Amino acid sequence: MILAAGLGRRMRPLTDHTPKPLLALGGKPLLQYHLEALAAAGVMDVVINLSYLGDQIRDFVGDGARFGLRVHYSPEPEPLETGGAILQALPLLGNDPFLMINGDVWTDYPLSRLAHHSLPEDRDGRLLLVPNPDFHPRGDFALGLDGLLREAPESLPNTLTFAGISLLRPRLIADYPLKRPIFPLLEALRPAIAQRRLEGEHYAGRWSDIGTPERLDQLHSELTRGQ
């Protein structure tokens, strides 16, 4: 599932007429990187949630055939946040673990590593973690020696940032007792961490959160120079 329903407020004016996943980066839309990486990882079916300027995304992706994928859509009258988006899309996601990717991140991480990971039955998910960027120095979680996620206490220096890429079991959301139409995924992650049901993977390669026009320009320049 690719999360692509955000309003992109921090990216304005670039997102006044273009949804953030379709902003150009190194010669093609950001969303295209995800679609190509998923196809290369052997993924066949992809769900994309839509809200703000969603028709543009649907027009660009179509049925996914030109990317070697079958694409299904989960339209939202208003953005449902990450947890609500997954909750609404559960009928399209099935019962097996699925990849989830934020539509506004870019990475060279090989998605096949997560796509083919054998998630233990007692785990609800595996989150990709990256070194803390300058704009998020505190990080999100800690990663134990046992590979399990920990909440990041204030005094812990060795924290990592959630990359917005994960392998999740649908039950993480389906069985969350406080689920509702609009809520963030983080709410459901916290009790799963406390119950030792979430594992993590530290990736030190290239990753960027395309959260501001300045970050978009910087990454675009890097990718252009590398061509």
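Refer to the structure above for everything that follows.
Here we summarise the structure given alongside this text. (Residues numbered from 1 in each chain as written. Predicted model: local features only at pLDDT ≥ 70, side-chain atom pairs only at ≥ 80, totals over all residues. Heavy atoms only, no water.)

The topology assignment puts aspartate 124 in the loop between α4 (112-115) and β8 (125-130). Within the local environment of aspartate 124, its side chain forms a polar contact with the side chain of arginine 171, the two groups lying 2.6 Å apart. Not counting chain neighbours up to four residues away, the residues in contact with aspartate 124 comprise Leu119, Leu167, Leu168, Arg169, Arg171, Leu172, Ala192, Arg197 and Leu198. (Helix = DSSP H or I, 4+ residues; strand = E, 2+ residues; numbered from the N terminus. Polar contact = N/O pair within 3.5 Å; in protein donor to acceptor, adjacent residues only side chain to side chain. Contact = heavy atoms within 4.5 Å.)

Before going further, it helps to spend a moment on the packing of aromatic side chains. With the rule as written, the count across this model stands at 4 aromatic pairs. With a centroid separation of 5.1 Å and an interplanar angle of 80 degrees, the aromatic rings of tyrosine 109 and tyrosine 203 are classed as edge-to-face. Here tyrosine 109 is found in the loop between β7 (105-107) and α4, whereas its partner tyrosine 203 is found in the loop between β12 (198-202) and β13 (207-209), with 94 residues between them in sequence. Taken individually, tyrosine 109 and tyrosine 203 each receive the classification buried, so the pair is uniform in this respect. Above the plane of the ring of tyrosine 73 lies arginine 58, whose end atom (NZ or CZ) is 4.5 Å from the centre. (Phe/Tyr/Trp six-rings, centres within 6.5 Å; stacked < 30°, edge-to-face > 60°. Buried < 20%, exposed > 50% of the residue type's maximum accessible area, 1.4 Å probe, protein only. Lys NZ or Arg CZ within 6 Å of the ring centre and 35° of its normal.)

Further remarks concern the pairing of strand β4 (residues 45-50). Looking along a regular strand, one sees side chains alternate from face to face of the sheet. When you tally the buried positions in β4, you get 5 out of 6 residues, the bulk of the element. Looking at chain direction, strand β1 (residues 2-3) and β4 are connected through 2 bridges and run parallel. Note that in β4 the partner of leucine 3 across the bridge is asparagine 49. As paired strands, β4 and strand β5 (residues 70-75) are joined by 6 bridges and run parallel to one another. By the bridge assignment, valine 47 is partnered in β5 with histidine 72. (Pairing = 2+ DSSP bridges.)

So, about helix α6 (residues 185-194). Turning to α6, its buried residues number three or more, namely Leu185, Ala188, Leu189, Ala192 and Ile193. For α6, the angular spread of the buried residues around the axis is 135 degrees, confining them to a single face. Positive backbone phi, at 60 degrees, marks arginine 196, one or two positions downstream of α6. (Arc of directions from axis to C-beta.)

Counted under the stated rule, the structure contains 18 salt bridges. Two residues, glutamate 199 and arginine 126, come together in a salt bridge whose shortest N-O distance is 2.8 Å. Taken as a pair, glutamate 199 in strand β12 and arginine 126 in strand β8 lie far apart in primary sequence, 73 residues in all. Here the two residues glutamate 199 and arginine 126 agree in accessibility, since each one is buried. The partner of aspartate 209 in a salt bridge is arginine 215, and the shortest N-O contact between them spans 3.8 Å. When salt bridges that share partners are traced, they join Arg113, Asp122, Arg123, Arg126, Glu199 and Glu201 into one network. (Salt bridge = Lys/Arg side-chain N within 4 Å of Asp/Glu carboxyl O.)

So, on to the nonpolar core. Here is a general trend for soluble globular proteins: nonpolar side chains tend to be buried in one another's company. Leu35, Leu38, Val46, Ile48, Ile57 and Val61 are the most contacted members of the largest nonpolar core, which has 31 residues in total. Secondary structure elements with two or more residues in this core: α1 (30-40), β4, α2 (54-61), β5, β6 (98-102), β8 and β11 (159-168). (Core = buried A, V, L, I, M, F, W, Y, C linked by side-chain atoms within 4.5 Å.)

Quick look at the layout of surface pockets now. By volume, the largest pocket is sized at about 1,100 Å³. Lining the largest pocket we find 41 residues, and of these Arg10, Thr82, Asn102, Asp104 and Asp209 sit closest to its centre. For the lining of the largest pocket, the secondary structure elements donating two or more residues are α3 (81-93), β6, β11, α6 and β13. Each residue belonging to the lining of the largest pocket can be placed in one class, and the counts come to 21 nonpolar, 9 polar and 11 charged. Contributing to the lining of the second largest pocket are 21 residues, with Val43, Asp45, Pro97, Phe98 and Leu99 lying nearest its centre. Breaking the lining of the second largest pocket down by element, the ones donating at least two residues are β4, α3 and β6. Of the residues in the lining of the second largest pocket, the class split is 14 nonpolar, 5 polar and 2 charged. (1 Å grid on protein atoms, 1.4 Å probe; cavity = no way out; pocket = protein on both sides within 12 Å on 5 of 7 lines; lining within 4 Å. Points joined across faces, edges and corners; volume = space filled by probe spheres on them. Nonpolar A, V, L, I, M, F, W, Y, C, P; charged D, E, K, R; others polar.)

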